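Here are the chains, one letter per residue:
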Amino acid sequence: MIKKTFVRTRSLQDGMRIEQSIKDKTGRVLIHRGTLLDEYMINSMLKMNIAGVYIGEGEEDPEPEEKDDEPKISPKAMETIEKNMTADRSKVQLTESVKKRVEEGIQYLYSNTESEKFTSAANSIADDLMKAIMENDAIAVDVDTLKISDEYTFKHSVDVATMGMIIAKKHGLSDKEIYEVGIAGLLHDVGKSKIPNEILNKPGRLTDEEFTIMKQHALYGYGILREKSDISDSIRMGVLQHHEKINGKGYPLGASADQIDVYARILSVADIYDALVTERPYKKGFSKRDAVEIIMSMTDELDIDAMKSFLGSVILYPVNSIVQLSNNERAKVVANNPECILRPKVVGLTTGKLYNLSEDVSCASIVIL
């Protein structure tokens, strides 16, 4: 089993195995994932101002062992599952070729903010995402299926863009507005390209002084986009305001509710959710269930309509997934309720009992762990 550890570049040693690829500004791979590092590679990363990388420890099993905890489904449960199975709402699906184009495109954007091709590159990525949404009339998203990149900033930008577009669709925005929300989501953290690497890639909690600098990324991002005449004001405001809160306690401007653009209201929810569920070197990710409950508790900070659109767009427990119930029974998800995403319809694997968690009052005390 490979264990990933974040190591500062200055602490790297010959023979360490890198668990991420290192690319130049054009997207060309300089060091492939799984490579054993040498002094030349380490010095090259230092010259590129890379603060740290993920290092792998341990070895993968040559042949996967059979798991003893594979779920065993009783005949009665199988019959109940087949009778009640309802496919999930259509989700965003990205092909491997699209994922590759998107990863290369997002890395280009964050490394070439002054390029004449900046806007066309952003449009190209948004085109791919919009096509993925429209091709199968997607109305939901499962972020676990995106997996664009191992690099947090790039993965996070695409997650926020994709979720933002689906939320915008649920919110009733026009196709043009959905598209622009996607671009704003892709670029919402572009100002981080102006943040010193030692702060941006710090593996621990930021000091107050460092966090003050980090909070400037929204202003930096707005400044980058203000120079682009082919970027709309709404996209710029989405980038500038994605950390603002409706109670006026956000940043960088402390804007009040009536001053916050709808793009920013949508992206704020997507940004917080994805940050909560993503594991970082200095924190473990929250479960999707806990992240949703945290979002639901933020009614004084987040726009309630954007929150409702988010809750109606995210699939936490895909149909066919196995869950653990609080009554000690394992169950298979057979149907989701968009109005109550924390409480799907499930079937006990052993008993074959149907638990309609969102509608059956006898299930009120049962939760998914």
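Throughout what follows, the structure given in this document is the object of discussion.

## As for the side chain of Ser74
Link 1 in the chain: Assignment of secondary structure puts Ser74 in the loop between β5 (52-57) and α2 (75-84).
Link 2 in the chain: Contacts of Ser74, omitting those with residues within four sequence positions, involve Leu349, Thr350 and Gly352.

## A word on the sheet that holds strand β2 (residues 17-18)
By definition, the strands of a sheet pair up through backbone hydrogen bonds, in either a parallel or an antiparallel sense.
Link 1 in the chain: Taking strand neighbours across the sheet as the criterion, the three strands line up as β1-β5-β2 in an open arrangement whose pairing is antiparallel. One side of each edge strand has no neighbouring strand; the edge strands of this open sheet are β1 (3-8) and β2.
Link 2 in the chain: Where β1 and β5 come together, six bridges link them in antiparallel fashion. Looking at β5, one finds that Val7 is bridged to Val53.

## Quick look at the sheet that holds strand β7 (residues 330-335)
Link 1 in the chain: Spatially, four strands are ordered β6-β7-β8-β9 in an open sheet, and the strand pairing comes out antiparallel. Since the sheet does not close on itself, it has two edges, and those belong to β6 (322-324) and β9 (354-356), each with one partner. Within this sheet the neighbouring strands show an average axis-to-axis angle of 40°, counted without direction.
Link 2 in the chain: Pairing analysis gives four bridges linking β7 to strand β8 (residues 345-348), with the strands arranged antiparallel. Opposite Ala331, over in β8, you have Gly348 as the bridge partner.
Link 3 in the chain: In this fold α2 packs onto β7, β8 and β9, with an angle of close to 165° to the strand it touches most, β8.

## Here we look at the pattern of salt bridges
Link 1 in the chain: Tallying each qualifying case throughout the model produces 16 salt bridges.
Link 2 in the chain: In this structure, the salt-bridge partner of Asp303 is Arg265, at a minimum N-O distance of 2.6 Å. Here Arg265 lies in helix α11 (residues 262-277) and Asp303 lies in the loop between α12 (288-296) and α13 (304-311), a separation of 38 residues in the sequence.
Link 3 in the chain: For Asp303, a relative accessible area of 13% corresponds to the buried category.
Link 4 in the chain: On the basis of relative accessibility, which here comes to 18%, the residue Arg265 falls in the buried class.
Link 5 in the chain: A single salt-bridge network, built from bridges that share partners, covers Arg17, Glu19 and Arg33.

## Some remarks on the state of the cysteines
Link 1 in the chain: Under the counting rule described, the total for this entry stands at zero disulfides.
Link 2 in the chain: There is no disulfide at Cys340, and the cysteine sulfur nearest it, in Cys363, is 12 Å away.

## Let's talk about unusual backbone geometry
Link 1 in the chain: Residue Pro252 is reached from Tyr251 by a cis peptide bond, and omega for that bond is 15°.
Link 2 in the chain: By the secondary structure assignment, Pro252 is in the loop between α10 (233-241) and α11.
Link 3 in the chain: Not every positive phi belongs to a glycine, and Asn320 is a case in point at roughly 90°.
Link 4 in the chain: By secondary structure assignment, the location of Asn320 is in the loop between α13 and β6.
Link 5 in the chain: By relative accessible area, Asn320 is classed as partly exposed at 44%.
Link 6 in the chain: Although it is not a glycine, Asn328 sits at a positive phi angle of roughly 75°.

## Topic: the nonpolar core
Link 1 in the chain: One finds Leu109, Leu186, Leu187, Tyr273 and Phe310 to be the most contacted residues of the largest nonpolar core, which totals 75 residues.
Link 2 in the chain: In this structure, Leu109 is in contact with Phe118, Ala121, Ala122, Ile125, Leu187 and Val190, ignoring residues within four places of it in sequence.
Link 3 in the chain: Listed in part, the 12 residues of the second largest apolar core include Ile22, Ile31, Leu37 and Ile55.

## Points about helix α4 (residues 118-135)
Turn by turn, an α-helix covers 3.6 residues, leaving residues three or four places apart pointing in a common direction.
Link 1 in the chain: The terminal C-alpha atoms of α4 lie 26 Å apart, and with 18 residues this matches the ideal 26 Å at 1.5 Å per residue to within 8%.
Link 2 in the chain: Of the residues making up α4, those classed as buried are Phe118, Thr119, Ala121, Ala122, Ile125, Ala126, Asp128, Leu129, Met130, Ala132 and Ile133.
Link 3 in the chain: Here the buried face of α4 lies against α3 (96-111), α5 (152-170), α6 (175-187) and α9 (217-226).

## Let's talk about the pairing of β8
Link 1 in the chain: As paired strands, β8 and β9 are joined by three bridges and run antiparallel to one another. Residue pairing in the sheet places Val347 in a bridge with Leu354 of β9.
Link 2 in the chain: Two successive antiparallel strands, β8 and β9, enclose a turn made up of five residues, where Gly352 displays a positive phi of approximately 75°.

Cut-offs and rules
- Residues numbered from 1 in each chain as written.
- Predicted model: local features only at pLDDT ≥ 70, side-chain atom pairs only at ≥ 80, totals over all residues.
- Heavy atoms only, no water.
- Helix = DSSP H or I, 4+ residues; strand = E, 2+ residues; numbered from the N terminus.
- Contact = heavy atoms within 4.5 Å.
- Pairing = 2+ DSSP bridges.
- Axes fitted to C-alpha atoms, helices over the stretch in contact; angles between N-to-C directions.
- Salt bridge = Lys/Arg side-chain N within 4 Å of Asp/Glu carboxyl O.
- Buried < 20%, exposed > 50% of the residue type's maximum accessible area, 1.4 Å probe, protein only.
- Disulfide = S-S within 2.5 Å.
- Core = buried A, V, L, I, M, F, W, Y, C linked by side-chain atoms within 4.5 Å.
- Expected span 1.5 Å × (residues − 1).

Spatial relationships are all this shows, so hold off on functional conclusions.
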